[in-house]
Amino acid sequence: TAGEAERQALTALYQAFAAGVLGLSEEQLLATPAPDEWSMAEVLEHVAEHDRKFDEYHRLGLGHYVEHGLEHALQLWRLRLSVLPSGSEGSRSRT
């Protein structure tokens, strides 16, 4: 059903965020790759703010809400790669 698909999409989003920060230190969560970029903590804060308001969900629907969440999950995972030491689990060479 549509309700089940929506529940699964939201569950997958939250799992992606949780896995993205698993095992990271506070220092890593607060690190920014550049002065004008967000840290992982700021990304999570932004998502949590949207979750509290449900503003986008009410205005634009669940599809947009999930798409927005996916964009931020990808942003968080890119940031994770930037804070992991070279050669550690989950890092990749950039050639």
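The next point concerns the overall build of the protein chain. A count of helices and strands for the protein chain gives five helices and zero strands. Ordered by position in the sequence, the α and β elements of the protein chain form the string α-α-α-α-α. Counting across all 95 residues of the protein chain, residues that qualify as buried make up 27%. Contacts in the protein chain between residues far apart in sequence, at least 24 positions, make up 60% of those at least 6 positions apart.

Turning to the confidence of the model for the protein chain, a few remarks are in order. Model confidence for the protein chain is summarised by a mean pLDDT of 84, while 83% of its residues fall at 70 or above. Here helix α4 (residues 55-60) is the element of the protein chain with the lowest mean pLDDT, 74, and helix α2 (residues 26-30) is the one with the highest, 96. Confidence over residues 91-95 falls short of pLDDT 50; this stretch has seven contacts with residues more than four positions distant or in other chains.

Here we take up the pattern of salt bridges. Under the criterion given, the structure shown has one salt bridge. A salt bridge links Arg7 to Glu4; the nearest nitrogen and oxygen atoms lie 2.6 Å apart. With a gap of three residues between them, Arg7 and Glu4 both fall in helix α1 (residues 2-21), about one helical turn apart.

Among the nonpolar cores identified, the biggest contains 14 residues, and Phe17, Met40 and Leu76 are the most heavily contacted of them. Elements supplying a minimum of two residues to this core: α1, α3 (40-53) and α5 (62-83). Among the elements that take part in this core, α5 stands out by supplying seven residues, more than any other. Among residues more than four places away in sequence, those in contact with Phe17 are Leu44, Val47, Gly69, His72, Ala73 and Leu76.

A few words on the environment of Ala19. Secondary-structure assignment places Ala19 in helix α1. C-alpha separation for the pair Ala19 and Ala73, spaced 54 residues apart in sequence, amounts to 9.9 Å. Setting aside anything within four residues of it in sequence, one finds Ala19 in contact with Trp77 and Arg80.

Okay, the side chain of Arg80 next. Relative to the helices and strands, Arg80 is located in helix α5. By relative accessible area, Arg80 is classed as buried at 13%. Separated by 2.8 Å, the side chain of Arg80 and the backbone oxygen of Gly20 make a polar contact.

Along its 22 residues, α5 runs 31 Å from first to last C-alpha, staying within 8% of the 32 Å computed at 1.5 Å per residue. Within α5 the residues assigned to the buried category are Leu62, Tyr65, Val66, His68, Gly69, His72, Ala73, Leu76, Leu79, Arg80, Leu81 and Val83.

Each value, and the rule that gives it
- Residues numbered from 1 in each chain as written.
- Predicted model: local features only at pLDDT ≥ 70, side-chain atom pairs only at ≥ 80, totals over all residues.
- Heavy atoms only, no water.
- Helix = DSSP H or I, 4+ residues; strand = E, 2+ residues; numbered from the N terminus.
- Buried < 20%, exposed > 50% of the residue type's maximum accessible area, 1.4 Å probe, protein only.
- Contact = heavy atoms within 4.5 Å.
- pLDDT = per-residue confidence, 0-100.
- Salt bridge = Lys/Arg side-chain N within 4 Å of Asp/Glu carboxyl O.
- Core = buried A, V, L, I, M, F, W, Y, C linked by side-chain atoms within 4.5 Å.
- Polar contact = N/O pair within 3.5 Å; in protein donor to acceptor, adjacent residues only side chain to side chain.
- Expected span 1.5 Å × (residues − 1).

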